[in-house]
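# Inside the fold
Listed below are the residues making up each chain.
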Amino acid sequence: MKVIGIGGSLRKNSNSEYYVRYTLDKLAAEGMETEFISLSGKTIKPCRGCYGCREAKKCIQEDDDFGDIFDKMYGADGIIVGSPVYYSSAVPQLMALLDRAGFSSRFSGKFFSRKVGAPITVARRAGHNLAFAQLLMWYYINDMIIPGNTYWNVATAGAGGARDPENDREVHDILDNFAKNMAWVLKKLNSGS
Ligand SMILES: Cc1cc2nc3c(=O)[nH]c(=O)nc-3n(C[C@H](O)[C@H](O)[C@H](O)COP(=O)(O)O)c2cc1C
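Scope of this entry: the structure provided in the associated data block. None of these values were measured; they are calculated from a predicted model.

## Points about the environment of Gly-148
Along the chain, Gly-148 turns up in the loop between α5 (128-141) and β6 (154-156). With 15 residues separating them along the chain, Gly-148 and Ala-133 place their C-alpha atoms 13 Å apart.

## Some details on the pairing of strand β5 (residues 116-123)
Where burial is concerned, most of β5 is hidden: 8 out of the 8 residues are buried. The alternating pattern of β5 places Val-116, Ala-118, Ile-120 and Val-122 and Gly-117, Pro-119, Thr-121 and Ala-123 on opposite faces, both of which are buried. Strand direction decides the pairing type here: strand β3 (residues 78-86) and β5, joined by 7 bridges, are parallel. Within β5, the position partnered with Val-81 by the bridge is Pro-119. The pairing of β5 with β6 spans 3 bridges and is parallel. Counterpart to Ala-123 in the pairing with β6 is Thr-156.

## Quick notes on the site of the ligand
Neighbouring the ligand are 18 residues; Ser-9, Ser-14, Ser-16, Pro-84 and Ala-123 lie closest to it. Among the secondary structure elements, those contributing two or more residues to the shell around the ligand are α1 (15-29), β3 and β5. At 3 residues, β3 tops the list of elements feeding residues into the shell around the ligand. Within the shell around the ligand, the residues separate by chemical class into 8 nonpolar, 7 polar and 3 charged.

The rules we used
- Residues numbered from 1 in each chain as written.
- Predicted model: local features only at pLDDT ≥ 70, side-chain atom pairs only at ≥ 80, totals over all residues.
- Helix = DSSP H or I, 4+ residues; strand = E, 2+ residues; numbered from the N terminus.
- Buried ≥ 20, exposed ≤ 12 C-beta atoms within 10 Å, placed from the backbone.
- Pairing = 2+ DSSP bridges.
- Near = placed C-beta within 6 Å.
- Nonpolar A, V, L, I, M, F, W, Y, C, P; charged D, E, K, R; others polar.

Listed below in structure tokens is the structure:
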């Protein structure tokens, strides 16, 4: 079973990358094959609303890095996305990817159906939950399975975006539980019974 984690921050060594990688490591310990994909250094143009995917059964914008990442999403059993919070929202580069991936999937066979996953959001002070809810909406309408947790997958960055995860033990416990639940769901789904 393969789980990919997509880091939405354009900053190198970001907080959201740390937390996505941390969760992937926990999933690897549960026997999952994992891969981290950063949007940093990549170009993902926004959906232009052409509806070309309805005919072509894939996104027809082919002049950026969307296709490679989309193929990895398509091939995965589980997808985690990590986003910094900008003005209480998920970051635009991640939403550009998810908009185009969601529409391509919708018009070419709903192949995100029953893939498993959830988001992780990182803010300095406020807006974590709004961005988390925004991303959950994407999972839900794409027919995916979202494992529950005993808290939301939200974390806090240091001042000025400083990397600060070592100072927040609680969020590690939250993500440990999430990873356990996600592995549990994936194993059940793939048990063949
Ligand atoms: C344009 C911009 C908008 C931001 N808006 C918020 C916000 O609404 N709430 C908040 O707590 N932090 C906000 N921040 C701080 C970031 O959320 C924080 O630095 C981020 O989580 C860092 O994540 P990263 O290390 O993964 O890039 C903002 C930062 C930027 C650059």
